Amino acid sequence: MFLPFQFNIPNLRVGTLDSLLSLSDDLLKSNSFIEGVSHKIRRQIEELERASGVESSALTVDGVPVDSYLTRFVWDEAKYPTMSPLKEIVDSIHTQVAKIEDDLKVRVAEYNNVRSQLNAINRKQSGSLAVRDLSNLVKPEDIITTEHLVTLLAIVPKYSQKDWLASYERLTSYVVPRSSKMLHEDNEYALYTVTLFHRVADNFRTSAREKGFQIRDFEYSPEAQESRKQELERLVRDQESFRSSLLQWSYTSYGEVFSSWMHFCAVRVFSESILRYGLPPSFLACVLAPSVKGEKKVRSILEGLCDSANSTYWKSEDEVGGGMAALGGDADSHPYVSFTINLI
C-alpha cells in the first residue's frame, strides 16, 4: 500500500521549443552529477559517524526529514525565481552543487591528511620492532654514551636469540662482555642492547648484518621524545576537530544539495511534460514510494489512468515491435513522465 503526494511545481518560464529541446539534452547528465554529489556526501556522513562511534542521525533538509521534505516540496522562489529562464535555473543549481563538491574535496583532503599522519605514527608505534619507533621502549638507564663507549640496539629474530647471546661478544673486538640485555619482544623480533667501543661500532654493524641481526640507528633524546608525544597529541586533537567540523558541514551540505536536486527534478518534470503534452502546461506531478515488489503494479495503475487510446504509442519495442525512445534518456517509455529518486 502506498500514498501519493502532490509534488508542487510552479508555473515556470517555458521559453521556446528549441530551448526546451536543447535543455532536455543536458538534463540527464546534470541529474546524474547532482545525484552523485548527494550520495557522495551521504556516504561521507556514514563513514564519519562510524569513525566517531556516534549513533547515525536522520538526515534533514530545511530542518525536516528527507522524506517529509520530498512529500511537502515547496519551490524556493527567492533562490530560483520562476521568471528566470529554465536554463538559467539549471545552470545555477549545477554551479551551486559543483561548488559544494569542490568544498567537500578540500575538506576531506584536509581530514585525510591529518588521519594519514596519525596512522603513520601509530604504525611506527605498533609495527614490528624492525620498523617501529623505539623511543618509548628505551629508558635512559638502558643507554651508555661516553667518550669511548656506545650502546647499540639490535633487532634479533626470535628464533635467533640463542645465537645472538652466544655470538654477540665475538662479532668484533672490544665488545663489553655480558652487556647485552633484552628490552622488548613482539611476535617476530626481540630488542637487545649491546655496549662496545665507538671505534668498532661500524665493524660490529657489518658483522651483525651478516648473521641476520639488524642494528637500528637510535639516539636517546628526552627532548625529541617529548616533542613526538606533543605531536601525537596535536594530531589526535586535529583529527577530532576536522572530523567534527566535516561531519557538521556534511549534514548542512547534504540538505542544500538535496534541496537543489529536488528543484532540478521539478524543472526536469516540467520541461519533459511540456515536450510531451504541449502547451499550456496541464499536468499533475506526484511523489510515489512503492515497494520494490509493488512497482510493477503501480506502473500498471498509472498507465490505466492515462489516455488508453494512445497507450500503444508508449509501449516498449518488445511489446509492440517498435516505439519511441523515452524522453530525457529514461530506459523505459511510458505514457507519463517518471523519474526515480534513490535515497540510499
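Residues numbered from 1 in each chain as written. Predicted model: local features only at pLDDT ≥ 70, side-chain atom pairs only at ≥ 80, totals over all residues. Heavy atoms only, no water.

The line we're drawing: UniProt positions are given in the numbering used here, feature names are shortened, and annotations may be inferred rather than shown by experiment.
The name given to the chain in an unreviewed UniProt entry is V-type proton ATPase subunit C, with Manihot esculenta as the source organism. Within the UniProt record for the chain, the comment given under Subunit (unreviewed entry) is "V-ATPase is a heteromultimeric enzyme composed of a peripheral catalytic V1 complex (components A to H) attached to an integral membrane V0 proton pore complex."

Let's talk about the overall build of the chain
We apply this condition: Secondary structure counts use DSSP, requiring at least four H or I residues in a row for a helix and at least two E residues in a row for a strand, with both numbered from the N terminus. Between the two quantities, the radius of gyration covers C-alpha atoms and the globule rule is 2.2 Å times the number of residues to the power 0.38. The contact definition used throughout considers only heavy atoms, calling two residues in contact when any of these lie within 4.5 Å. Where accessible areas are quoted, they stem from the Shrake-Rupley method and a 1.4 Å probe; at the residue level, only the protein chains shown are allowed to cover. Positive residues here are Lys and Arg, negative ones are Asp and Glu, while His and the chain termini are left out of the count. To locate a charge, take atom NZ for lysine, CZ for arginine, CG for aspartate or CD for glutamate.
Looking only at helices and strands, one finds eight helices and eight strands in the chain. For 344 residues, the compact-globule formula gives about 20 Å, and the C-alpha radius of gyration of the chain, at 34 Å, lies well above that figure. When the backbone C-alpha atoms are referred to their principal axes, the chain occupies close to 105 × 45 × 40 Å. Long-range pairs, those at least 24 residues apart, make up 78% of the contacts in the chain with a sequence separation of at least 6. In the form shown here, the chain has an accessible surface area of approximately 20100 Å², with 51% of it arising from carbon and sulfur atoms. Charge separation in the chain, taken as the distance between the mean sites of 39 positive and 47 negative side-chain charges, equals 7 Å.

Quick look at helix α5 (residues 201–210)
Selection rule: Each residue gets one of three labels from its accessible area relative to the maximum for its type: buried under 20%, exposed over 50%, partly exposed in between, using a 1.4 Å probe on protein chains only. The directions from the helix axis to the C-beta atoms form the arc being described.
Taken together, the buried positions of α5 are Ala201, Phe204, Ser207 and Ala208. The buried residues of α5 occupy one face: seen down the axis, they fall within an arc of 125°. Exposed residues on α5 whose side chains face more than 90 degrees from its buried face are Asp202, Arg209 and Glu210. In this structure, the buried residues of α5 make contact with β4 (149–157), α4 (161–167), β6 (189–197) and β7 (214–216). Looking one or two residues beyond α5, the residue adopting positive phi is Gly212, at roughly 90°.

Details of the packing of helix α1 (residues 17–52) against helix α6 (residues 222–277)
Applied cut-off: Every axis in this analysis is a line fitted to C-alpha atoms, fitted for helices over the stretch in contact. Angles between the N-to-C directions lie between 0 and 180 degrees. Each angle is binned into one of four classes, with values under 35 degrees roughly parallel, values over 145 roughly antiparallel, values of 65 to 115 roughly perpendicular, and all other values oblique. Crossing handedness is read from the near helix: turned anticlockwise from the far helix by less than a right angle, it gives a left-handed crossing, and turned clockwise, a right-handed one. Basically, the charged four are Asp, Glu, Lys and Arg, the nonpolar ten are Ala, Val, Leu, Ile, Met, Phe, Trp, Tyr, Cys and Pro, and anything else, Gly included, counts as polar.
Taken N-terminus to C-terminus, the directions of α1 and α6 make an angle of 155°; their axes are 8 Å apart at the nearest point. Comparing the axis directions of α1 and α6 gives the class roughly antiparallel. Considering the relative orientation of α1 and α6, their crossing is left-handed. Partitioned by chemical class, the residues of the contact of α1 with α6 number 24 nonpolar, nine polar and six charged.

Observations concerning the packing of aromatic side chains
For clarity, the cut-off: Only centres within 6.5 Å qualify two rings of Phe, Tyr or Trp (six-membered ring in Trp) as a pair; their planes then separate them into stacked at under 30 degrees, edge-to-face at over 60, and tilted for everything else. In this scheme, the term charge over a ring applies when either NZ of a lysine or CZ of an arginine sits within 6 Å of the ring centre and within 35 degrees of the ring normal.
Enumeration according to the criterion identifies twelve aromatic pairs in this entry. Judged by centre distance (6.1 Å) and plane angle (65°), the ring pair of Trp75 and Tyr80 falls under edge-to-face. Residue classification places Trp75 among the buried positions, given a relative accessible area of 10%. With centroids separated by 5.7 Å and ring planes inclined at 85°, the aromatic side chains of Phe258 and Trp261 adopt a geometry described as edge-to-face. Of this pair, Phe258 and Trp261 both sit in helix α6, three residues apart, which is roughly one turn of that helix. With respect to burial, Phe258 and Trp261 carry one shared label: buried. If you follow Arg199 out to its NZ or CZ, it ends over the ring of Tyr174, 4.3 Å from the centre.

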